[in-house]
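Residue strings, one per chain:
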Amino acid sequence: MMLAVLNFKNLVDFEEQLQFLDDLSHADVQVDLKISPTLPVPNDFENFEIISQNLTIKERTVGEISPSVLHHLHISTSFIGHLERRKSLNEGLLIVRKRLENALENDIKPIISVGQYSNLELVTEELDILLKDQPITKPIIIAYESLASTEMGRALYSIDEIRDVHNKIREFMTTHYPAIDYQLILGGHMDEVGSPIANAIGYDGVLIGDRYHTLDSFQPVLNVLNNLSR
């Protein structure tokens, strides 16, 4: 089954997000769909999973989501250092590592975002910094996102480029982290056209941004994702 992660951003009205979730709860969803609203809500939907946009570090702090909050809401998956957040808040990889450590210690599946740099060697270097010496014994999700495509609102990559990224990450994980069970998803202006391409290349799923504020606007993408999962 194909994996799809839908991530809302802070400029999307929260009432609109809640309406989207309610409408989607009555829709036909055949894909493994995970949705992260800007504020976590209880994960009690039957046809999709609610996930968190962020997780705090282990040290005492304020204004961030703790593992305790996620457990209370029955949320078991969280983004760890989403690229747009890292760029806008100038958040370095060492902070992201601390978030990842907190996720692993509290049995929260991490979605690890890479792709801040387009150079393939830097992509795997970024991934290595995050994974090195981490006690990962359960499945994780690795999200490669073309950050420039997300920011510009159009695909700025070629099929050859995203195929090269896919092959590079797969090769890197096989060589350096063969024991880690992971899914690799592709982000960066993903839609009903890009999703089948990602699937054909070998990605396990797609990361979708907040262009879709209603079920009606998302339905063409959902139809394609459902077909790919059958």
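Report on the accompanying structure.

What counts as what
- Residues numbered from 1 in each chain as written.
- Predicted model: local features only at pLDDT ≥ 70, side-chain atom pairs only at ≥ 80, totals over all residues.
- Heavy atoms only, no water.
- Salt bridge = Lys/Arg side-chain N within 4 Å of Asp/Glu carboxyl O.
- Buried < 20%, exposed > 50% of the residue type's maximum accessible area, 1.4 Å probe, protein only.
- Helix = DSSP H or I, 4+ residues; strand = E, 2+ residues; numbered from the N terminus.
- Polar contact = N/O pair within 3.5 Å; in protein donor to acceptor, adjacent residues only side chain to side chain.
- Core = buried A, V, L, I, M, F, W, Y, C linked by side-chain atoms within 4.5 Å.
- Contact = heavy atoms within 4.5 Å.
- Arc of directions from axis to C-beta.

**Observations regarding the pattern of salt bridges**
The final tally for this structure, using the stated rule, is 12 salt bridges. The partner of Lys34 in a salt bridge is Asp32, and the shortest N-O contact between them spans 3.7 Å. Its relative accessible area of 5% is what places Lys34 among the buried residues. Glu49 is the partner of Lys34 in a salt bridge, and the nearest nitrogen-oxygen pair spans 2.5 Å. In this pair, Lys34 sits in strand S2 (residues 32-36) while Glu49 sits in strand S3 (residues 49-50), placing the two residues 15 residues apart along the sequence.

**Topic: the side chain of Glu91**
With respect to the element layout, Glu91 can be found in the loop between helix H3 (83-88) and helix H4 (93-105). On the basis of relative accessible area, Glu91 is assigned to the buried category, the value being 12%. Polar contacts involving the side chain of Glu91 include one to the side chain of Arg99, which spans 2.8 Å.

**As for the nonpolar core**
Within the largest apolar cluster, 57 residues are counted, with the highest numbers of intra-cluster contacts made by Leu24 and Met173. Once residues within four sequence positions are removed from consideration, Leu24 is found in contact with Val29, Leu33, Ile35, Asn47, Phe48, Leu215 and Leu222. Core analysis: the second largest hydrophobic core is formed by nine residues, Val5, Ile51, Phe79 and Ala143 among them.

**So, the side chain of Ser229**
With respect to the element layout, Ser229 can be found in helix H9 (residues 215-229). A polar contact is formed between the side chain of Ser229 and the backbone oxygen of Leu225, at a distance of 3.0 Å. Excluding anything up to four places from it in sequence, Ser229 contacts Met1, Met2, Gln30 and Val31.

**Structural notes on helix H1 (residues 14-24)**
Those residues of H1 that fall on the buried side of the exposure criterion are Gln17, Phe20, Leu21 and Leu24. For H1, the angular spread of buried residues about the axis comes to 95°, placing them on one side. Summarising the contacts, the buried residues of H1 are in contact with strand S1 (3-7), S2, S3 and H9. With a side-chain oxygen lying 3.0 Å from the backbone nitrogen of Glu15, the N-terminal cap of H1 falls on Asp13.

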